[in-house]
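Chain and residue survey
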Amino acid sequence: QLDPDNTGFIGVETFASLVHSHELPLDPAKLDMLVALAQGNDEGQVCYQELVDLMSSKRSSSFKRAIANGQRALPRDVLLDETGLGFYKRFVRYVAYEILPCEMDRRWYFYQHRSCPPPVFMAAVTLTQIIVFLCYGARLNKWVLQTYHPEYMKSPLVYHPGHRARAWRFLTYMFMHVGLEQLGFNALLQLMIGVPLEMVHGILRISFLYLAGVLAGSLTVSITDMRAPLVGGSGGVYALCSAHLANVVMNWAGMRCPYKLLRMVLALVCMSSEVGRAVWLRFSPPLPASGPQPSFMAHLAGAIVGISMGLTILRSYEESLRDQCGWWVVLLSYGTFLLFAVFWNVFAYDLLGAQIPPPP
């Protein structure tokens with residue numbers, strides 16, 4: 001009735017009177033965004049499809065253009081001015097300022113965020129890693145450098161170059177850790193960085209990024225350090241950390257997380273020291289030839305995955321990955337690496353006559 005010509009548009013005044021006369025229970029924040037949309041086009045009209053997308057919590061590109069062209073934001077100056085919030089909403093606001101570089105993105109995320117589904121992936125991975133560590137620690141009565149124990153290396157979860165045919169080991173090694181130090185470092189970073197990232201970007205993107213880092217870590221070790229077994233989730237952890245740090249650097253002016261420079265320096269120092277420790281364990285002091293040779297290449301592979309693939313994933317939290325040209329380039333590059341690594345593991349060990357340690 002209000003759009004007899006079926007144009008898909010009606011005047012903003014007509015829409016406002018409709019809402020008022022029928023007392024529609026619509027979210028005031030979303031109505032403010034719809035007004036900003038209407039003010040962003042030439043005729044000042046409300047688009048039906050934009051209304052549908054807005055009420056279903058889908059951000060349209062036209063809304064981004066309206067805000068970018070007219071700088072018409074919500075009535076509140078900044079999200080930090082919100083008062084009277086409960087604990088969970090304050091935490092959501094903290095996550096928004098921690099992860100997102102744009103005030104409009106932060107505000108949109110704050111108003112449309114729902115607690116269901118919860119960020120279960122990083123919590124489930126961390127909990128599983130802790131349970132596995134406790135089980136092996138109690139069984140072996142050894143809590144530090146468990147890889148020197150032959151029973152530990154017999155686990156079906158550990159990656160070992162002699163068991164390359166058991167493809168699941170290229171992923172499941174992330175559940176095994178050599179000691180409290182490695183487990184604590186990985187668990188802390190996964191919860192501090194992974195959970196907020198999962199809350200903003202969703203379980204699919206973050207789980208894909210984490211598992212891509214884990215898989216890249218084991219495959220890189222199988223290519224560059226052919227004698228080394230592998231345990232720990234460092235590949236996935238470094239993928240998350242490097243992606244987040246790269247996103248902060250690329251959007252430095254827009255980030256409003258407190259003490260960002262100090263925290264950046266501390267994160268880089270911690271990550272560098274962990275890599276340095278892995279390098280030291282690999283080369284000095286010399287380890288028994290019969291024992292495992294720890295590798296540091298999984299850390300570097302995870303960092304590369306995070307900077308390349310992760311930065312593309314975190315660039316725009318509301319934009320579909322399939323609409324980003326850079327995403328397909330990165331995905332093709334990663335797929336090429338996987339294909340090369342598979343052929344390497346099938347043929348190169350025999351062709352090069354690699355002397356790998358006997359599997360347990």
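For the structure itself, consult the block above.
Attention here is on the structure that accompanies the text. (Residues numbered from 1 in each chain as written. Predicted model: local features only at pLDDT ≥ 70, side-chain atom pairs only at ≥ 80, totals over all residues. Heavy atoms only, no water.)

**Description of the layout of surface pockets**
Cut-off, in case you're wondering: Cavities and pockets were defined on a 1 Å grid built from protein atoms only: a cavity is a group of points that admits a 1.4 Å probe but offers it no way out, a pocket is an open group of points flanked by protein on both sides within 12 Å along at least five of seven lines, and a lining residue is one with an atom within 4 Å of any such point. Grid points are joined across faces, edges and corners, and a volume is the space filled by probe spheres set on the points. Numbering of helices and strands runs from the N terminus; a helix is a DSSP stretch of H or I covering at least four residues, while a strand is a stretch of E covering at least two.
There is about 460 Å³ of room inside the second largest pocket. Taken together, 21 residues make up the lining of the second largest pocket; nearest its centre are Glu-98, Met-192, Ile-193, Arg-263 and Ala-267. At the level of secondary structure, the elements contributing two or more residues to the lining of the second largest pocket comprise helix H5 (87-99), helix H10 (180-201), helix H12 (234-250) and helix H13 (260-283). A per-element tally of the lining of the second largest pocket places H13 first, with 7 residues.

**Quick word on a nonpolar patch on the surface**
We apply this condition: Patch building starts from residues that exceed 30% relative accessible area and form no salt bridge, then joins like charges within 9 Å and nonpolar side chains (Val, Leu, Ile, Met, Phe, Trp, Tyr) within 5 Å. The Shrake-Rupley method, run with a 1.4 Å probe, gives the accessible areas here. Residue values count only the displayed protein chains as cover. Every case where a carboxyl oxygen of Asp or Glu lies within 4 Å of a side-chain nitrogen of Lys or Arg is listed as a salt bridge. Working definition: with a 1.4 Å probe on protein chains only, accessible area under 20% of the residue-type maximum means buried, over 50% means exposed, and in between means partly exposed.
Together, Leu-339, Val-342, Phe-343, Val-346, Phe-347, Leu-351 and Leu-352 make up a nonpolar patch on the protein surface, roughly 740 Å² of accessible area in all. Among the structural elements, Val-346 can be located in helix H15 (residues 325-352). Taking the relative accessible area as the measure of exposure, Val-346 reaches 48% and is therefore partly exposed.

**Regarding the packing of helix H14 (residues 297-314) against H15**
Here is the rule we go by: For helices, the axis comes from a line fit to the C-alpha atoms of the stretch in contact; other axes are also lines fit to C-alpha atoms, and the angle between any two N-to-C directions lies between 0 and 180 degrees. Should the near helix be turned counterclockwise from the far one by less than a right angle, the crossing is left-handed, whereas a clockwise turn marks it as right-handed. Should any heavy atoms of two residues lie within 4.5 Å, those residues are counted as being in contact. Residue type decides the class: Asp, Glu, Lys and Arg count as charged, Ala, Val, Leu, Ile, Met, Phe, Trp, Tyr, Cys and Pro as nonpolar, and the leftover types, Gly among them, as polar.
Contact pair H14 / H15: the axes reach a minimum separation of 9 Å and the direction vectors enclose 150 degrees. Here H14 runs over H15; the crossing is left-handed. Contacts from Val-305, Ser-308, Met-309, Thr-312 and Ile-313 of H14 reach H15 at Gly-326, Trp-327, Val-330 and Tyr-334. Considered class by class, the residues forming the contact of H14 with H15 number 6 nonpolar, 3 polar and no charged.

**Section: the packing of H12 against H14**
Convention followed: In this scheme, roughly parallel covers angles under 35 degrees and roughly antiparallel covers those over 145, while 65 to 115 is roughly perpendicular and the rest are oblique.
Two elements in contact, H12 and H14, have axes separated by 6 Å at closest approach and are oriented at 45 degrees. By the angle between their axes, H12 is oblique relative to H14. Along this stretch, H12 crosses H14, giving a crossing that reads as right-handed. Side by side, H12 and H14 meet where Ser-234, Gly-235, Tyr-238, Ala-239, Ser-242, Ala-243, His-244, Ala-246, Asn-247 and Met-250 of the first sit next to Ala-298, His-299, Gly-302, Ala-303, Val-305, Gly-306, Ile-307, Gly-310, Leu-311 and Leu-314 of the second. Counted by class, the contact of H12 with H14 contains 11 nonpolar, 9 polar and no charged residues.

**Looking at the nonpolar core**
The condition that has to hold: To qualify as a nonpolar core, a set must consist of buried Ala, Val, Leu, Ile, Met, Phe, Trp, Tyr and Cys residues joined through side-chain atoms within 4.5 Å.
Counting residues in hydrophobic clusters, the biggest one holds 75 residues, and the most contacted among them are Tyr-109, Tyr-210, Val-305 and Met-309. The leading source of residues in this core is helix H11 (residues 203-224), at 9 residues. Not counting residues within four places of it along the chain, the set of residues in contact with Val-305 comprises Leu-209, Ala-212, Gly-213, Ala-216, Ala-239, Gly-310 and Tyr-334. Core analysis: the next-biggest nonpolar cluster, separate from the first, contains 7 residues, Phe-15, Val-19, Leu-34 and Leu-51 among them.

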